[in-house]
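# Notes for the structure review
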Amino acid sequence: MSKFIIDGGKKLYGDVNIHGAKNSALPILAATVLCQGKSVIHNCPDLSDVKVSLKILKNLGCKAKYYDSSVFVDSESISNFCIEKELMSRMRSSIIFLSVMLAKLKKANVYLPGGCELGARPIDLHIKGLEKMGAVILKDKDCLLCSLPKGHFNGAKISLSFPSVGATENIILAAATAKGRTVIENAAREPEICDLAAFLNKCGAKIKNAGKPIITIDGVERLFAAEYSVIPDRIEAVSFMAFTALNQGKVTIKNINVSHLAPVIELLKESGCRIKIYKNILSVESNDRLKAVKEIITMPYPGFPTDAQAPVMAMLTMAKGKSKFIENIFKSRYKHIKELEKMGAKIAVKGKTAVVDGICKLSAANLKCTDLRGGAAVVTAALAGEGRSTVSDIYHIERGYENIDLKLVSLGAKIKRID
Ligand code: UD1
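Computed from a prediction, not measured in an experiment: that's the story for all the values here.

### Let's talk about the pairing of strand 6 (residues 70-74)
Among the five residues of strand 6, four are classified as buried, and the element is accordingly described as predominantly covered. The sheet contact formed by strand 4 (residues 38-42) and strand 6 spans four bridges and is antiparallel. Among the inter-strand pairings, serine 39 is bridged to a residue of strand 6, identified as valine 73. Two strands pair when backbone bridges link them, and strand 5 (residues 63-67) and strand 6 are joined in this way by five bridges, in the antiparallel orientation. Looking at the pairing, alanine 64 lines up with valine 73 of strand 6.

Below, the structure is given as structure tokens:
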């Protein structure tokens, strides 16, 4: 099992390039299944989840290749309507293949998806939406046996009880080649939804108002492959902002979309960091002890992102005063707190509220990554801890951060990966 060895206390200086968004690349790779011809998707990060998507595409019979941040997919040869259990269990996004398999093959056998354990992660909204569009979905233990008796999805009006990102994506994908108009009410508005819609529209889809609460999709008969570049990863950017804010120094974060980071930028300013923005570049400067931030409430986009909660919490463990977090999206998204406490952090949790009482010093410890973003929190704290920390279970982090150790070393951190 690989580990990071981190000698804490180094200030961070330099430039870092942000890779493409994992959470955009995964649904866009699934979308290529719908397209005739050869799709080329640029700015795909070299991450284990992207590799799993390629394996799923190949498992379905498509041709898929990764080269130098680009994925080449030819889905003409798709033939298999089952995804292996092991691949389904590797990540949550495997469930996004359900709609495209049904649209293309009229049949799909998939297992319940894996991914970070953040509490119950039901897929009822995905299933209800696809059923309303004509899919028949039978559950047999942990397997979903799905079919499309009419041979196509029907347009439908779907009102989501919660703006689920994954359910919105699955419904958009089903609607792109459905017969008729689909209207999604209370749709997720995340930038990754807009990115998926932009790719599909480039392929010939008719999707209007992605990024707004009501999305309208007029189904088209065919989609044609296109070349497309995915948006920057806003959560990788947030993580480098948190690393810099806690460890002090000055880091210029490049290749980002600043508008996707608005609530995090405000929070960093409130904590005392100096932020400068120029087009798609942002610099974070932190010279003093941070100030606590009154309240951080995670919400669907454009609210404060749940994926940023863990690294920002680590960042505030040494701030002056008390910072209150309210996690509204996932029930078990405070697993990193136990690890931060090993370093001396003072955090009181009650239900979905966590209050961080800033301390003056974090001490090195033997730590482990509890999940993907929790892992980023642990690394944030270990970089600031006095002494040498070890961080195990780094496979969690490597699902979402390409070469995180090398990027941190280039900024002056002392972090070593041991295999
Ligand atoms: C996506 C992101 C994840 C991010 C999350 C919220 C990907 C690969 N992952 O996850 O990084 O943290 O959005 O921004 O894009 N829910 C239901 N029923 C459903 C679906 C969801 O009750 O059928 C609930 C979930 O349990 C959770 C909430 O809705 O409490 C949000 O989940 P959702 O937006 O679907 O997140 P994901 O798409 O899984």
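### What about the pattern of salt bridges?
One pass over the structure, following the stated rule, counts 20 salt bridges. In this structure, the salt-bridge partner of arginine 90 is glutamate 86, at a minimum N-O distance of 3.4 Å. Here glutamate 86 and arginine 90 lie together in helix 3 (residues 85-90), a separation of four residues that amounts to about one turn. We classify arginine 90 as partly exposed; its relative accessible area is 33%. When salt bridges with common partners are traced through the structure, they connect Lys22, Asp49 and Arg399 into a single cluster.

### A few points about the site of the ligand
Taken together, 20 residues are adjacent to the ligand, and Asp124, Leu125, Ser164, Asp307 and Ile329 come closest. A distance of 2.6 Å separates an oxygen atom of the ligand from a polar atom in the side chain of serine 164. The fraction of the free accessible surface of the ligand (740 Å²) that becomes covered by protein chains is 86%. Going through the elements one at a time, helix 5 (124-132), helix 6 (165-176) and helix 10 (306-315) are the ones with two or more residues in the shell around the ligand. No other element matches the three residues that helix 5 contributes to the shell around the ligand. Residues belonging to the shell around the ligand are distributed by class as follows: eight nonpolar, six polar and six charged.

### Some points on the sheet that holds strand 13 (residues 215-218)
Strand pairing in a sheet relies on backbone hydrogen bonds, with the paired strands running either antiparallel or parallel. The strand order across the open sheet built from four strands is 10-11-13-12, with neighbouring strands paired in mixed fashion. Lying at the two open borders of the sheet, with one neighbouring strand each, are strand 10 (157-159) and strand 12 (206-208). With strand direction ignored, the average angle separating the axes of adjacent strands in the sheet is 15°. Pairing between strand 10 and strand 11 (residues 181-185): three bridges, direction parallel. Counterpart to serine 159 in the pairing with strand 11 is glutamate 185. Against the sheet, helix 6 contacts strand 10, strand 11, strand 12 and strand 13, and its axis sits at roughly 25° relative to strand 13.

### Focus: unusual backbone geometry
Most peptide bonds adopt trans geometry, and most residues besides glycine take a negative phi value. In this model, tyrosine 301 is joined to proline 302 through a cis peptide bond whose omega is 10°. By the element assignment, proline 302 lies in the loop between strand 19 (295-297) and helix 10. The residue serine 69 is not glycine, and still its phi comes out positive at about 70°. When you line up the elements, serine 69 lands in the loop between strand 5 and strand 6. Its identity is not glycine, yet lysine 106 carries a phi of approximately 70°, on the positive side.

### Quick look at the packing of aromatic side chains
Under the definition given, this model contains two aromatic pairs. Both rings, one in phenylalanine 240 and one in phenylalanine 243, keep their centres 5.0 Å apart while their planes meet at 80°; by these two values the pair is edge-to-face. Of this pair, phenylalanine 240 and phenylalanine 243 both sit in helix 8 (residues 234-247), separated by three residues, roughly a single helical turn. A single burial state applies to phenylalanine 240 and to phenylalanine 243, both of which are buried. When the ring centre of phenylalanine 72 is taken as origin, the NZ or CZ atom of lysine 65, which lies over that ring, is 5.9 Å away.

### Some points on the sheet that holds strand 4
Within the open sheet, the four strands sit side by side as 5-6-4-15. Their pairing is mixed. Either end of the sheet is taken by a strand with one partner, and the two such strands are strand 5 and strand 15 (227-229). Between one strand and the next, the sheet's axes are offset by a mean angle of 15°, whatever the strand orientation.

Parameters and conventions
- Residues numbered from 1 in each chain as written.
- Predicted model: local features only at pLDDT ≥ 70, side-chain atom pairs only at ≥ 80, totals over all residues.
- Heavy atoms only, no water.
- Buried < 20%, exposed > 50% of the residue type's maximum accessible area, 1.4 Å probe, protein only.
- Helix = DSSP H or I, 4+ residues; strand = E, 2+ residues; numbered from the N terminus.
- Pairing = 2+ DSSP bridges.
- Salt bridge = Lys/Arg side-chain N within 4 Å of Asp/Glu carboxyl O.
- Near = heavy atom within 4 Å.
- Polar contact = N/O pair within 3.5 Å; in protein donor to acceptor, adjacent residues only side chain to side chain.
- Areas by Shrake-Rupley, 256 points an atom, 1.4 Å probe, with all protein chains shown as cover.
- Nonpolar A, V, L, I, M, F, W, Y, C, P; charged D, E, K, R; others polar.
- Axes fitted to C-alpha atoms, helices over the stretch in contact; angles between N-to-C directions.
- Contact = heavy atoms within 4.5 Å.
- Phe/Tyr/Trp six-rings, centres within 6.5 Å; stacked < 30°, edge-to-face > 60°.
- Lys NZ or Arg CZ within 6 Å of the ring centre and 35° of its normal.

These values are about where atoms sit, not about what they do.
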